[in-house]
Amino acid sequence: PSSLLRGLRPQRRRTIAAQSGSDDAPRQGVLATAAQRGTLVPMRGVSPASRSASVERTVMLTDAVVAIAMTLLVLPLVEAVPEVDLDDVWSFVGDHLSLFVSFVVSFLVILLFWAAHQRLFQLVPDMTTGLRLLNSLWLLLVAFLPFPTALIGRGPTTSTVPIYIGTVFALSVVSATVEQLEGE
């Protein structure tokens, strides 16, 4: 995943000014100047207008699955609310610290994978069968991640930690495979 997080191939980069249309004429001058100074971060990808409907639908489905998975992460905390003594909330936090830590870590993990997925799919002009299958596997793993997160939240053990690490590792492998497939 580190290659996913550091950015994608430079030969596919375009500046914002190069992508903006005539409606952005006042901004183009500022953006072009920023690009000349080297202070403009280049944007990558295929323009949304030239992406196929299947790519757009895949991106929307992915966004929805990611949002649901991130929401599901909080359910173990919600289920523990009846145990809260409202006069001593900090005691509850201390007693359930592993639930809070697992929630935050998994939320950030999903966020990072989603951001890398979003950057990668900016480069995809059309869906292929292989890409669709890999994306489905990616979605399966993201949707599954709340389960090992809940296991670890109950207490990290030699049984629960490998399930969590294995899921994140599998997600990394699928992400790297998608990047390789699109890099060809």
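Definitions and cut-offs
- Residues numbered from 1 in each chain as written.
- Predicted model: local features only at pLDDT ≥ 70, side-chain atom pairs only at ≥ 80, totals over all residues.
- Heavy atoms only, no water.
- Helix = DSSP H or I, 4+ residues; strand = E, 2+ residues; numbered from the N terminus.
- Buried < 20%, exposed > 50% of the residue type's maximum accessible area, 1.4 Å probe, protein only.
- Contact = heavy atoms within 4.5 Å.
- Areas by Shrake-Rupley, 256 points an atom, 1.4 Å probe, with all protein chains shown as cover.
- Axes fitted to C-alpha atoms, helices over the stretch in contact; angles between N-to-C directions.
- Parallel < 35°, antiparallel > 145°, perpendicular 65-115°, else oblique.
- Nonpolar A, V, L, I, M, F, W, Y, C, P; charged D, E, K, R; others polar.
- Patch = residues over 30% accessible without salt bridge, like charges linked within 9 Å, V, L, I, M, F, W, Y side chains within 5 Å.
- Salt bridge = Lys/Arg side-chain N within 4 Å of Asp/Glu carboxyl O.
- Core = buried A, V, L, I, M, F, W, Y, C linked by side-chain atoms within 4.5 Å.
- Lys, Arg positive; Asp, Glu negative; His and termini not counted.
- Charge placed at Lys NZ, Arg CZ, Asp CG, Glu CD.
- Expected span 1.5 Å × (residues − 1).
- Arc of directions from axis to C-beta.
- Left-handed = near helix turned anticlockwise from the far one by under 90°.

A. Region of interest: the overall build of the protein chain. The number of helices and strands found in the protein chain is 10 helices and 2 strands. Counting only residues that meet the buried cut, the protein chain has 37% of its 184 residues in that class. Considering only contacts in the protein chain between residues 6 or more positions apart, those separated by 24 or more positions represent 78%. Surface accessibility of the protein chain: about 10700 Å² in total, with carbon and sulfur atoms responsible for 66%.

B. Layout of the packing of helix α8 (residues 129-144) against helix α9 (residues 146-154). At a closest axis distance of 5 Å, the pairing of α8 and α9 adopts a crossing angle of 25°. Regarding the angle of α8 to α9, the classification is roughly parallel. On α9, the residues touching Val142, Ala143 and Phe144 of α8 are Pro146, Phe147 and Pro148. Each residue belonging to the contact of α8 with α9 can be placed in one class, and the counts come to 6 nonpolar, no polar and no charged.

C. Region of interest: a nonpolar patch on the surface. Taken together, the side chains of Ile68, Leu72, Leu75 and Val78 make up a nonpolar region of the molecular surface, amounting to roughly 330 Å² of accessible area. Looking at the nonpolar patch, the elements that each hand over two or more residues are α4 (53-72) and α5 (75-79). You can see Leu75 is positioned in helix α5.

D. Looking closely at the environment of Glu179. With respect to the secondary-structure elements, Glu179 resides in helix α10 (residues 160-183). For the pair Glu179 and Ala116, spaced 63 residues apart in sequence, the C-alpha to C-alpha distance is 9.6 Å.

E. Examining the nonpolar core more closely. Among the nonpolar cores identified, the biggest contains 33 residues, and Ile110, Phe121, Trp138, Val142 and Val178 are the most heavily contacted of them. Looking at this core, the elements that each hand over two or more residues are α4, α7 (97-121), α8 and α10. Apart from the residues within four sequence positions on either side, Val178 is in contact with Leu120, Phe121, Leu131 and Leu134.

F. Local environment of a negative patch on the surface. A cluster of acidic residues, Glu83, Asp85, Asp87, Asp88 and Asp95, forms a negative patch at the surface. Locating Asp87 in the fold gives a position in the loop between α5 and α6 (89-95). Assessed through its relative accessible area of 76%, Asp87 is described here as exposed.

G. Region of interest: α8. Taking 1.5 Å of rise per residue, 16 residues should cover 22 Å, and α8 covers 23 Å from first to last C-alpha, within 8% of that figure. Within the span of α8, buried status applies to Leu131, Leu134, Asn135, Trp138, Leu139, Leu141 and Val142. Projection of α8 onto a plane perpendicular to its axis shows the buried side chains occupying an angular sector of 165°, all on one side. Summarising the geometry of α8, the exposed residues directed more than 90 degrees from the buried face are Thr129, Leu133 and Leu140.

H. Examining the packing of α7 against α8 more closely. For the pair α7 and α8, the least separation of the axes is 12 Å and the interaxial angle reads 165°. Relative to α8, the element α7 is oriented roughly antiparallel. The hand of the α7/α8 crossing is left-handed. Where α7 approaches α8, its residues Ile110, Phe113, Trp114, His117 and Phe121 are matched on the opposing element by Leu131, Asn135, Trp138 and Val142. Here the contact of α7 with α8 is built from residues that sort into 7 nonpolar, 2 polar and no charged.

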